[in-house]
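# Observations on the model geometry
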Amino acid sequence: MSIRQRHIAHVHLHASMTEVQYGDVIELMSGVTPHVQAVPPSAVQLDLTSALRYFDLSPYDMVQTVMMRLKLFYGIDCSAGLAGNRMLAAMAADASAPGETTWVPAERVADWLYPRPVTALPGIGRATAETLGRYGLHTIGQITDLPPATLQRLLGAGPARLLAERVRGHDPRPVAPSEPAAHLTADLVLERDCLDPVQHHRAVLGLADRIGGRLRGEGQVAGRLTLTVRYADRSSSTRTRALAEPTDHSPALAATALGLLTALGLQRARVRSYAVRADDLLPAGRAYRQLFLDPDTDRARAAEAAADRVRRRFGPQAVGPAALV
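Anyway, here's the lowdown on the structure attached to this text. No experiment lies behind these values; they were computed from the predicted model shown.

With that settled, consider the overall build of the protein chain. Each helix and strand in the protein chain was counted, giving twelve helices and ten strands. Here the protein chain, with 325 residues, has 43% of them falling under the buried criterion. By sequence separation, contacts in the protein chain at least 24 residues apart represent 68% of the contacts at least 6 residues apart. Here the protein chain displays about 17600 Å² of accessible surface, and carbon together with sulfur accounts for 54% of that area.

As structure tokens, then:
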């Protein structure tokens, strides 16, 4: 593989997802490559270039591995495109049927693009397509064969220059992870009402553990937690509490979240859903941390880091708090 050759995958997710579920998918993909870009509401782009050597797989097999992980962990069917840049990968994904992957190697880009309709190019709207169509220009190949001066007279200098780059398959944009979110939320909606205090405890503990994993995955810490519980009659209760210090440590988050649950005094309430939200987020490197002399604290952190590595490799359900087993 050439050092300069990029391998970009565009994956369409054939599923309806909540914001939290979509975030979980992004987190799972981050276990394959750190270069993941969300394409809401139901797609994701990955730069697999560095991951190929790590996993010792071909680009095509790497995409199949990504698709299998999504099917295994979340039951999501996908279609995918694989190419040397973001635009071509997205176009290849659009040309793929569910469950299939279209790979456009660098040496086949021109031949693959040539017969395709000009409307297949991203950013080509109806007005541009109609202008080109009036002159009998309907395919990418026809635009490629057109002299630059002619295209400029039809569209203007700026649009003509951009279109000339696109019809030749050029796209310099990198796969750029999104900026850190202003808050993180984990929720659980039940199929039937729950009156069991033990189940309330397990649900909130599981959500706090998910929040901790997402914070560590994004290199952030939270300064405040909010617990919202919704009931069968569609009413809700909300409690908020500041953490003793900004943290991404799941046991500390769980202790605060369970304290909020206790403060609600649910007793025999008919609960329909729970949501834990982390606010006052900071980059982990900018947060202060209380120093402890107890070696158990360092051991707990080391065990947590090991569990995170297992989740990234085998999925979010691979390991978790013993109380949830």
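Next up on the list: the pairing of strand β7 (residues 220–231). In terms of burial, β7 is largely enclosed, as ten of its twelve residues are buried. Direction of pairing for β7 relative to strand β10 (residues 282–283): antiparallel, over a ladder of two bridges. Residue pairing for β10: Gln220 is matched across the bridge by Pro283. In the sheet, β7 pairs with strand β8 (residues 236–247) via eight bridges, with the strands oriented antiparallel. Bridge pairing links Thr228 to Thr238 in β8. Here β7 folds back onto β8 in antiparallel fashion, the turn holding four residues, of which Arg234 has a positive phi close to 75°. Relative to strand β9 (residues 271–279), β7 runs antiparallel, the two sharing eight bridges. Bridging across to β9, Arg224 finds its partner in Asp279.

So, about the packing of helix α1 (residues 19–29) against helix α3 (residues 59–74). Packing of α1 against α3 brings their axes to within 11 Å, and their N-to-C directions diverge by 135°. In terms of orientation, α1 lies oblique with respect to α3. The interaxial crossing formed by α1 with α3 has right-handed handedness. Across from Asp24, Val25, Leu28 and Met29 in α1, the residues of α3 making contact are Val66, Arg69, Leu70, Phe73 and Tyr74. For the contact of α1 with α3, the residue count by class is seven nonpolar, no polar and two charged.

This brings us to the environment of Gly75. With respect to the helices, strands and loops of the structure, Gly75 is situated in the loop between α3 and β4 (77–83). When the C-alpha atoms of Gly75 and Ala15 are compared, they prove to be 8.9 Å apart, with 60 residues separating the residues in sequence.

Glancing now at the pattern of salt bridges. Tallied over the full model, the rule gives nine salt bridges. For the salt bridge of Asp24 with Arg210, the shortest nitrogen-to-oxygen distance reads 3.5 Å. Of this pair, Asp24 sits in helix α1 while Arg210 is found in helix α10 (residues 197–218), placing the two residues 186 residues apart along the sequence. Given the relative accessible area of 14%, Asp24 is considered buried. Residue classification places Arg210 among the partly exposed residues on the basis of a relative accessible area of 29%. Salt-bridge contacts for Asp193 lead to Arg270; the nearest nitrogen and oxygen are separated by 3.3 Å. Pair noted here: Asp193 is in strand β6 (residues 184–194) and Arg270 is in the loop between α11 (250–264) and β9, with a separation of 77 residues, a long-range link. Arg270 gets classed as partly exposed once you look at its relative accessible area, which sits at 46%. Because the salt bridges share partners, they merge into one network encompassing Arg224, Arg277, Asp279 and Asp280.

About the criteria used
- Sequence positions are assigned chain by chain, starting from 1 and proceeding in written order.
- Whole-chain, interface and lining totals are the exception, using all residues; otherwise, since this is a predicted model, local features are given only for residues with pLDDT of at least 70 and side-chain atom pairs are given and counted only at 80 or more.
- Side-chain metrics rest on all non-hydrogen atoms present in the structure, leaving aside hydrogens and water.
- The way it works is that DSSP assigns letters per residue, a run of H or I at least four long becomes a helix, a run of E at least two long becomes a strand, and they are numbered from the N terminus.
- Burial classes follow relative accessibility: with a 1.4 Å probe on protein chains only, a residue under 20% of its type's maximum area counts as buried, one over 50% as exposed, and anything between as partly exposed.
- Working rule for contacts: check all heavy atoms of both residues, and any pair within 4.5 Å makes them a contact.
- Throughout, the Shrake-Rupley method with a 1.4 Å probe supplies accessible areas, and for residues the shown protein chains are the sole cover considered.
- Two strands qualify as a pair provided DSSP detects at least 2 bridges between them.
- As a rule, the C-alpha atoms of each element are fitted with a line to give its axis, helices using only the stretch in contact, and angles between N-to-C directions run from 0 to 180 degrees.
- Small angles under 35 degrees read as roughly parallel and large ones over 145 as roughly antiparallel, with 65 to 115 read as roughly perpendicular and the rest as oblique.
- Working rule for handedness: look at the near helix, and if it is turned counterclockwise from the far one by less than a right angle, call the crossing left-handed; if clockwise, right-handed.
- Under the scheme applied here, ten amino acids are nonpolar (Ala, Val, Leu, Ile, Met, Phe, Trp, Tyr, Cys and Pro), four are charged (Asp, Glu, Lys and Arg), and all others, including Gly, are polar.
- Counted as salt bridges are all cases of a side-chain nitrogen of Lys or Arg within 4 Å of a carboxyl oxygen of Asp or Glu.

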